[in-house]
Amino acid sequence: QGFIPLSKVKSVAIIDSSGLFSRGCYFDIVVPGRTFHLWTEAEDDAKDWIGSIKSAIQQQKSKAVVPDEDWMRDIEETPSEDPSVPKTHEQIRLEAFERLVKEVTQAVKIHTIEAIKLRESGDKHNALKIMKDLKEMKEVIVTLNRLKDTDSPLPVFSWSTSTLNVEVRNGDIGEDEMEVRIAKCSEIPSDVTHPYVLVTLPYPSTENPQKVRTAVFQPPEADIDLLHTFQIQRKKSFQIFLERKKITVELLNSRLLGWGDYSIGKAEMKLNPLLDDISLTQSLEFKDGRKVVGKVEVEVRLNRPGINTQRRDLTLRRIHLDSESEAASQKHPEAHSTPIPVEEDLPREPPLKKRITSLNEPPLNTPPSPVASTQSTVPQLMTPPSSKQHQPQPQQFGPSPSSRPVPPKGGPKTPTKPVQSPIAALI
């Protein structure tokens, strides 16, 4: 029905073998809060398997480490509020818990940030993996706080690292979008009185480009921070566009008296690096012929590369508490807000015999009907009269209570109400 993590297994043992039964053996797997009772036909294989599980549990316990000496020494040597008074054992215990909770909280923040990034980039599979680890570490924080409040010692714990190979994307940009940012202009000539920048993207074609311009700024230097999103289409033509075309960034001067704007210098930016990358940042020079008339910083971003997929290794840390420490926190009533249900606590459906009996119980002195005449084909399952006293009263059918005759002397002492036929009840 599922998998039990080895870190959760507290013990495993055979409770009965083929000495009393014809074949196979029964065994228990104990985890915090629940015991699984299992049976297998392959007794010899089960004994080998249980032996290997016990060895793995012992190896896991031996790998779990207490806080190293430097970690604890740093806590012990940190001066208290009053340096003249040495720290008590209780103060050291509380500081150790607070420090460990702080480290786990920091790991939770990193997990949360990376999970949001992956979810926004469309990598839901790896995002769900991180969210699962995130949920377990939040439970560890709750367990640590409970152990801290119950005067328990710092539990045995260990850290592990996991590496995921994830796809790199800009999740804040749409699949069919290209974002262009003009960050800063500098070294603009002083004789340029009203400069601005015009960005031209020759897409979908050179004859029908997309353009955007900045506001007029004050030379010789200005933080423009223009952000604009151009629309694209993820087709083969877009790949060819990235290979061959360039973005043009032009510095112009605005004439306020209506004589028309004129160009001061131009700069071009190749886009072919975006075939394998999701962002491109360059510092360009405005040139008038060979003369440099200013500089500009340009950044271009895509949701994903034009052709190839960009990937990276994401390494995250996880904390593991010793299973005995988790079990100790569960001894308190507040250890679990939603306890794991055991088999005895699960709701059970009433027995089939009682359910059919309530349907097949014949009505008292009710007139025959075409539907009721089919009752002879339904098997009659009778229960003792004492059991009928605890059954719910069925809905009334037939004549009204005032016109119904008195039951015969041999019937039950307390009058019972008529019951509908089984076919009618099912309908």
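Residues numbered from 1 in each chain as written. Predicted model: local features only at pLDDT ≥ 70, side-chain atom pairs only at ≥ 80, totals over all residues. Heavy atoms only, no water.

Brief notes about the overall build of the chain
Turning to step 1, where the next piece is worked out: If you tally the helices and strands in the chain, you get nine helices and 13 strands.
Turning to step 2, where the next piece is worked out: Within the chain, buried positions represent 32% of all 427 residues.
Turning to step 3, where the next piece is worked out: The contacts of the chain with a sequence gap of at least 6 include a subset with a gap of at least 24, amounting to 66%.
Turning to step 4, where the next piece is worked out: Summing over all exposed atoms, the chain offers an accessible surface of approximately 27,400 Å²; the carbon and sulfur share of this is 53%. (Helix = DSSP H or I, 4+ residues; strand = E, 2+ residues; numbered from the N terminus. Buried < 20%, exposed > 50% of the residue type's maximum accessible area, 1.4 Å probe, protein only. Contact = heavy atoms within 4.5 Å. Areas by Shrake-Rupley, 256 points an atom, 1.4 Å probe, with all protein chains shown as cover.)

Some details on the side chain of Asp-123
Turning to step 1, where the next piece is worked out: Along the polypeptide, Asp-123 turns up in the loop between helix H3 (89-121) and helix H4 (124-149).
Turning to step 2, where the next piece is worked out: Ignoring any residue separated from it by four or fewer positions in sequence, one finds Asp-123 in contact with Leu-118, Val-166 and Glu-167.

Side note on the side chain of Lys-87
Turning to step 1, where the next piece is worked out: Secondary-structure assignment places Lys-87 in the loop between helix H2 (69-77) and H3.
Turning to step 2, where the next piece is worked out: A distance of 2.6 Å separates polar atoms of two side chains, one belonging to Lys-87 and the other to Glu-95.
Turning to step 3, where the next piece is worked out: Filtering out sequence-adjacent residues up to four positions away, Lys-87 remains in contact with Ile-75, Glu-76, Thr-78, Pro-79, Ser-80, Ile-92 and Glu-95. (Polar contact = N/O pair within 3.5 Å; in protein donor to acceptor, adjacent residues only side chain to side chain.)

Observations concerning the pattern of salt bridges
Turning to step 1, where the next piece is worked out: Evaluated as defined, the whole model comprises 18 salt bridges.
Turning to step 2, where the next piece is worked out: Across the pair Glu-179 and Arg-301 runs a salt bridge, and its minimum N-O distance is 2.7 Å. Remark: Arg-301 occurs in strand S12 (residues 291-302) and Glu-179 occurs in strand S5 (residues 177-186); sequence separation between them is 122 residues.
Turning to step 3, where the next piece is worked out: On the accessibility criterion, Arg-301 (14% relative accessible area) is buried.
Turning to step 4, where the next piece is worked out: Across the pair Lys-246 and Glu-268 runs a salt bridge, and its minimum N-O distance is 3.7 Å. Here Lys-246, found in strand S9 (residues 246-253), pairs with Glu-268, found in strand S10 (residues 262-270); they are 22 residues apart in sequence, far enough to count as distant. (Salt bridge = Lys/Arg side-chain N within 4 Å of Asp/Glu carboxyl O.)

Here's the deal with helix H5 (residues 236-244)
Turning to step 1, where the next piece is worked out: The complete set of buried residues in H5 reads Phe-238, Gln-239, Phe-241 and Leu-242. Looking straight down H5, one finds its buried side chains confined to an arc of 155°; they lie on one side. Exposed and facing more than 90 degrees away from the buried side of H5 are Lys-236 and Arg-244. (Arc of directions from axis to C-beta.)

Considering unusual backbone geometry
Turning to step 1, where the next piece is worked out: Following Tyr-203, the chain continues into Pro-204 via a peptide bond in cis, with omega recorded as 10°.
Turning to step 2, where the next piece is worked out: For the peptide bond that leads from Pro-219 to Pro-220, omega is 5°, which places it in the cis range.
Turning to step 3, where the next piece is worked out: Looking at the secondary structure, you find Pro-220 in the loop between strand S7 (210-213) and strand S8 (222-231).
Turning to step 4, where the next piece is worked out: One non-glycine residue with positive phi stands out, namely Glu-187, at about 55°.
Turning to step 5, where the next piece is worked out: Position of Glu-187 relative to the elements: it lies in the loop between S5 and strand S6 (195-201).
Turning to step 6, where the next piece is worked out: The phi torsion at Asp-225 lies on the positive side, around 55°, for a residue other than glycine.

Focus: the nonpolar core
Turning to step 1, where the next piece is worked out: One finds Met-178, Val-197, Leu-242, Ile-247, Val-249, Phe-286 and Val-298 to be the most contacted residues of the largest nonpolar core, which totals 37 residues.
Turning to step 2, where the next piece is worked out: Counting residues per element, the ones that place at least two in this core are S5, S6, S8, H5, S9, S10, strand S11 (279-288) and S12.
Turning to step 3, where the next piece is worked out: The element best represented in this core is S12, accounting for five residues.
Turning to step 4, where the next piece is worked out: The residues contacting Val-298, other than those within four sequence positions of it, are Val-180, Arg-181, Ile-182, Val-249, Met-269, Leu-280, Thr-281, Gln-282 and Leu-284.
Turning to step 5, where the next piece is worked out: Counting 19 residues, the second-largest nonpolar core is a separate cluster that includes Ile-75, Leu-100, Leu-134 and Met-137. (Core = buried A, V, L, I, M, F, W, Y, C linked by side-chain atoms within 4.5 Å.)

Some points on the confidence of the model for the chain
Turning to step 1, where the next piece is worked out: Predicted confidence across the chain gives a mean pLDDT of 75, with 66% of residues reaching 70 or more.
Turning to step 2, where the next piece is worked out: Throughout residues 333-403 the model reports pLDDT below 50, and contacts reaching past four residues in sequence, or to other chains, amount to 69 contacts. (pLDDT = per-residue confidence, 0-100.)

Remarks on the environment of His-320
Turning to step 1, where the next piece is worked out: Along the chain, His-320 falls in strand S13 (residues 311-321).
Turning to step 2, where the next piece is worked out: You can call His-320 partly exposed: its relative accessible area is 24%.
Turning to step 3, where the next piece is worked out: The sequence separation of His-320 and Phe-157 amounts to 163 residues, and the corresponding C-alpha distance is 5.5 Å.
Turning to step 4, where the next piece is worked out: The residues touching His-320, leaving out its near neighbours within four places in the chain, are Val-156, Phe-157, Ser-158 and Ser-160.
Turning to step 5, where the next piece is worked out: Here the side chain of His-320 touches Ser-160 through a polar contact of 2.6 Å, side chain to side chain.

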